[in-house]
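Coordinate analysis (summary)
Residues per chain are reported as follows:
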Amino acid sequence: MLRLIVSDLLANARIWLGTLLIATATAAVGAVAASDIQTAIEAGGTVALALYAISGVMIAFTTITALIVAGSVAGLTVSLQLRAYALWQLVGVRPAYVRIVVTTQLALVALIGGTLGCLAALPALGPLYRYALAESPDLGELHPAFGAGAAVPVVLFVIAVVTLAGTRSAGRAAHTPPIRSLHEIDRPDQRMNFARAMAGLATLVIIAGILVSLPATALEQLSVPLMLIAPLVAGVLAAFAPLYLARLLRDWTALVPERASSSWYLARSTTAFGVARSTATINPITVAVALAGGLYSANGTASGGGSVRTGSVVLLLGGPLLLALLGATATIFMSSRRRDREFALVVAAGATRTVVLAAAAWEAVIYTVTATILGAAAVCVTAVAGGWAAGTWTPSLGLGAVATIAGLGLVLTLAATVLPTAAALRHEVPQTLAAE
Amino acid sequence: MPVLAEVVDLTKTFTLGRGGSVVPVLRGITAQVAPGEFLAVVGPSGSGKSTLLYCMSGLEPATAGVVRILGRTVGALSRSALAALRRDHVGFVFQSYNLIPSLSARENVALPARLARRRISAAEVDRALADVGLAEQAAHRPGTLSGGQQQRVAVARVLALRPDIVFADEPTGALDTESGAQVLDLLAGVPGDGRSLVMVTHDLQAAARADRVLVLRDGAVHSELRNPSADDVFKAITC
Ligand SMILES: Nc1ncnc2c1ncn2[C@@H]1O[C@H](COP(=O)(O)OP(=O)(O)OP(=O)(O)O)[C@@H](O)[C@H]1O
Ligand SMILES: [Mg+2]
């Protein structure tokens, strides 16, 4: 059993490295929130009150982002390897056993990543808090604490998120007749399931709760609940993605006529067909857009356009944003071997390098634009709710923040699609096709 | 008579690992394909047949020697010029894995024309699919087709494009006798009007339909037969 687990981890190093990276990043971001709480407990007094005030939002942002990003990545990890699991079953490994192996792999990688992330966060916590809180007189000289008591829950959280998301996919993998997985290299559709529906509905209930409480909230305290709405809506959108995402992709990308460009045509068909893959990249960017846009929209709407302090934005958003954008990039990197194969086939069918590179670039554009549409919709909910609660008809849409994150997402996804493709084009077609 | 494709003293070696041992796969092969000709390549497994086809079609660079397609030296072309040359004049059917998984059978057939910005009507695509007996599966994606059906879509794709030279690497390997014969008939219709077919095959009957048969062994041309019978091919391979 151990041999199967380890040899498989090595053979699919690219996929597992992505998972490890995201587990590490999730833990590092979680460590910032955990340290906030531990420091508050140890310091007591006014410092504690100030720290508790931000810990709630921090935990909410971190949890939502971690659930979506680590969940997407873990799900992708499994769906990219369906073929291997099918081959295992064909040589006699029982389905239940496949599930155990996959869960163990995920837990192992999450444990290592979680530990690494906590260790990596340690030296960064001091400078981060000093920078972020420099404008607050009481907190400028703060020495953040982060001990085992805070680290263990973070690592456990990472393990829970990664394995839960992964085993659901693994269970599906185990139940799919192996011959079918071998045939359909990329499962064309990602099904809606009970767990997704429950998670989505639960999030909707939370949003409804926040909305109901808004009218009774004082104007100067409105921004905190408001800024939670957009990422929560992003969570709902992610949970229900199987119901609409493929359609949305297909519909808006049809705006460019098929005849106009072969590279667009190729990018469009891959992204709309490989929905499992696309979703894993789109969801994290959606969250990033919703987080940043939501924060600025909430502040703009509730405080009448008052500006947000950079320090607190970095503390609240820095980690989750980094995690989300890293997640989007990692998912593309993880599936790049499959992309290489497809492009090799396209080259064999007569495409030039330029067409292939352009198709890779369009793919990044399609991911980012789709995510921005969804993220902006989530921000609109915040803005409208804010306008309603604050009694203003000119809610702020946080457009600057939305555009900035969309631009950043585009740059990163472009790098993640184009650079590996350029590297792969240096290999000869037969070699790329023979790999795997 | 000008040749469509030729290799002169072609050598191909692979290096295993970084700085590892060098494996010679093709050792000084010289061969030509004339317009209208059907050339079959036979030989034991591992003798270098697929590698020869890759080099001859410009998919893989030669280690030494010259490869020419339509009189142009492949090694001297830029990557994009080579891609354009292949796109406009060469069709290739791989041993397996030919189709883009995200495109339907019909879209796969139309893809090369689309890439070449050449017009191909829906009727032409459908006719090509009907020719290989897959009219009903036109809207299916490769994932839902059998291995043999996928192979036939790949054949329909080169037939629809009508390139000057078609390379096919065991195109009937995955097919039953009947559909194999059907696909072979279609491919055998390619040579003529100045267009040529180069086909790797294990099937002696198929090889016997060729104008010329190249017998490879250990990366070298063991013998060359003109208009052989299946028996002749069998003898050439076994002795
Ligand atoms: N990329 C590569 N790296 C190293 N060796 C290779 C590579 N490609 C092919 N070879 C070796 O070259 C030899 C010839 O391979 P090739 O695929 O051309 O054989 P073939 O005649 O087509 O065999 P088959 O009938 O089984 O398809 C084999 O020994 C193979 O191991
Ligand atoms: Mg071969």
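Source: prediction; values computed, not measured. (Residues numbered from 1 in each chain as written. Chains lettered and ligands numbered in written order. Predicted model: local features only at pLDDT ≥ 70, side-chain atom pairs only at ≥ 80, totals over all residues. Heavy atoms only, no water.)

**Re the pattern of salt bridges**
Residues and elements named next belong to chain B.
- For the structure shown, the criterion picks out eleven salt bridges over all chains.
- Of the charged contacts in the structure, one is a salt bridge between arginine 209 and aspartate 185, with a shortest N-O distance of 2.9 Å. Taken together, the residues span a long stretch of sequence, with arginine 209 in the loop between helix H7 (204-208) and strand S9 (212-217) and aspartate 185 in helix H6 (residues 177-188) at a distance of 24 residues.
- In the salt-bridge network here, residues are joined through shared partners; they are Glu37, Arg212 and Glu224. (Salt bridge = Lys/Arg side-chain N within 4 Å of Asp/Glu carboxyl O. Helix = DSSP H or I, 4+ residues; strand = E, 2+ residues; numbered from the N terminus.)

**Remarks on the site of ligand 1**
- In the vicinity of ligand 1 lie 15 residues, with B:Ser45, B:Gly46, B:Lys49, B:Ser50 and B:Thr51 positioned nearest.
- Of the chains in the model, those with residues near ligand 1 are chains A and B.
- In the environment of ligand 1, an oxygen atom lies 2.7 Å from a nitrogen or oxygen atom belonging to the side chain of B:Ser50.
- The separation between an oxygen atom of ligand 1 and a polar side-chain atom of B:Thr51 is 2.6 Å.
- Starting from 630 Å² of accessible surface for ligand 1 in isolation, the protein chains cover 65%.
- Residues of the shell around ligand 1, tallied by class, amount to four nonpolar, nine polar and two charged. (Near = heavy atom within 4 Å. Polar contact = N/O pair within 3.5 Å; in protein donor to acceptor, adjacent residues only side chain to side chain. Areas by Shrake-Rupley, 256 points an atom, 1.4 Å probe, with all protein chains shown as cover. Nonpolar A, V, L, I, M, F, W, Y, C, P; charged D, E, K, R; others polar.)

**With respect to unusual backbone geometry**
Residue and element names in this part refer to chain B.
- Unusually for a residue other than glycine, glutamate 170 sits at a positive phi of about 45°.
- Turning to its location among the elements, glutamate 170 is positioned in the loop between strand S7 (165-169) and H6.
- Overall, the relative accessible area of 14% leaves glutamate 170 in the buried class.
- Even without a glycine there, the phi angle at aspartate 218 is positive, about 50°.
- By secondary structure assignment, the location of aspartate 218 is in the loop between S9 and strand S10 (220-226).
- When its relative accessible area of 56% is taken as the criterion, aspartate 218 is described as exposed. (Buried < 20%, exposed > 50% of the residue type's maximum accessible area, 1.4 Å probe, protein only.)

**Some remarks on the layout of surface pockets**
Residue and element names in this part refer to chain A.
- Of the voids in this model, the largest pocket is the one considered here, and its volume is about 850 Å³.
- Residue lining of the largest pocket: 33 residues in total, with Leu67, Gly71, Ala165, Arg168 and Arg196 positioned closest to the centre.
- Those elements that place two or more of their residues in the lining of the largest pocket are helix H3 (45-79), helix H6 (148-175), helix H8 (194-213), helix H9 (223-239) and helix H12 (275-302).
- Composition of the lining of the largest pocket by domain shows at least three residues from each of domain 1 (1-185) and domain 2 (190-436). (1 Å grid on protein atoms, 1.4 Å probe; cavity = no way out; pocket = protein on both sides within 12 Å on 5 of 7 lines; lining within 4 Å. Points joined across faces, edges and corners; volume = space filled by probe spheres on them. Domains from an automatic or database assignment.)

**Digging into the interface of chain B and chain A**
- Counting from both sides, the interface comprises 30 residues of chain B and, opposite them, 32 residues of chain A.
- When chain B packs against chain A, the two sides together hide about 2800 Å² of surface, and 59% of this comes from carbon and sulfur.
- Linking chain B with chain A are zero salt bridges, by the criterion used here.
- Linking chain B with chain A are four residue pairs in polar contact (both at pLDDT 80 or more).
- When residues of the side of chain B that touches chain A are traced back to their parent elements, those giving at least two are helix H2 (79-89), helix H3 (105-115) and helix H5 (147-161) of chain B. (Contact = heavy atoms within 4.5 Å. Buried area = accessible area lost by both parts, 1.4 Å probe.)

**So, the sheet that holds S9(B)**
Residue and element names in this part refer to chain B.
- On the basis of which strands lie adjacent, the open sheet formed by six strands has the order S6-S7-S8-S3-S9-S10 and mixed pairing. In this open sheet, the two strands that pair with only one neighbour each are strand S6 (90-93) and S10. On average, each strand axis in the sheet is inclined to that of its neighbour by 15°, with strand direction left out of account.
- One ladder, built from four bridges, connects S6 with S7; its direction is parallel. The partner of phenylalanine 92 across the bridge, within S7, is phenylalanine 167.
- Running at roughly 155° to S7, helix H1 (residues 49-56) makes contact with strand S3 (38-42), S6, S7, strand S8 (196-200) and S9 of the sheet.
- Its contacts with the sheet place helix H8 (residues 230-238) against S3, S9 and S10, and it is angled at close to 20° to S9. (Pairing = 2+ DSSP bridges. Axes fitted to C-alpha atoms, helices over the stretch in contact; angles between N-to-C directions.)

**Observations regarding the sheet that holds strand S2 (residues 22-33) of chain B**
Residues and elements named next belong to chain B.
- On the basis of which strands lie adjacent, the open sheet formed by four strands has the order S2-S1-S4-S5 and antiparallel pairing. Two strands close off the open sheet at either side, each with one partner strand: S2 and strand S5 (72-73).
- Note: strand S1 (residues 5-15) against strand S4 (residues 64-69), five bridges, orientation antiparallel. Bridging from a neighbouring strand, glutamate 6 pairs with arginine 68 of S4.
- Here H1 sits on the sheet in contact with S1, S2 and S4, set at roughly 120° to S1.

**Section: the side chain of B:Asp169**
Residue and element names in this part refer to chain B.
- Following the sequence through the fold, aspartate 169 ends up in strand S7.
- Although aspartate 169 is buried, it makes no salt bridge; lysine 49 carries the closest opposite charge, 7.0 Å away.
- A polar contact is formed between the side chain of aspartate 169 and the side chain of serine 50, at a distance of 2.7 Å.
- Setting aside anything within four residues of it in sequence, one finds aspartate 169 in contact with Ser50, Leu53, Tyr54, Phe92, Val93, Phe94, Gln95 and Val200. (Lys, Arg positive; Asp, Glu negative; His and termini not counted.)

**Structural notes on the pairing of S7(B)**
Residue and element names in this part refer to chain B.
- With five of its five residues buried, S7 lies for the most part within the structure.
- Neither face of S7 is left uncovered, since the one carrying Ile165, Phe167 and Asp169 and the one carrying Val166 and Ala168 both have all their residues buried.
- In the classification by handedness, the crossover that spans S7, the intervening H6 and the parallel S8 is right-handed. (Right-handed = clockwise from strand over helix to strand, strands pointing away.)

**Here we look at helix H11 (residues 262-273) of chain A**
- End to end, H11(A) covers 16 Å across twelve residues, agreeing with the expected 16 Å (1.5 Å per residue, within 8%).
- Here H11(A) lies mainly inside the structure; twelve of its twelve residues are buried.
- Contacts made by the buried residues of H11(A) are with helix H10 (241-253), H12, helix H14 (336-348) and helix H15 (353-390) of chain A together with H3 of chain B. (Expected span 1.5 Å × (residues − 1).)

**A few points about empty space enclosed by the protein**
- Within this structure, the stated rule accounts for five cavities of 30 Å³ or more.
- What lines the largest cavity is A:Ala348, A:Ala349, A:Gly350, B:Arg86, B:Arg87, B:Val90, B:Gly91, B:Phe92, B:Pro112, B:Arg157, B:Val158 and B:Leu161.
- Of all elements in the fold, only H2, S6 and H5 of chain B reach the threshold of two or more residues within the lining of the largest cavity.
- Taken together, the residues of the lining of the largest cavity break down into seven nonpolar, two polar and three charged.

**Focus on the domain arrangement of chain A**
Residue and element names in this part refer to chain A.
- When cut into domains, chain A gives domain 1 (1-185) and domain 2 (190-436).
- Taken over C-alpha atoms, the centre of domain 1 sits 20 Å from the centre of domain 2.
- Taken together, the contact pairs 40 residues of domain 1 with 45 residues of domain 2.
- Summed over both sides, the interface of domain 1 with domain 2 buries roughly 3500 Å², with 75% coming from carbon and sulfur.
- Counting across the interface, domain 1 meets domain 2 through zero salt bridges.
- Counting the contacts that link domain 1 with domain 2 gives two residue pairs in polar contact (both at pLDDT 80 or more).
- Take the side of domain 1 that touches domain 2: its biggest share by element is 16 residues, from H3.
- Residue composition of the side of domain 1 that touches domain 2, by class: 25 nonpolar, nine polar and six charged.

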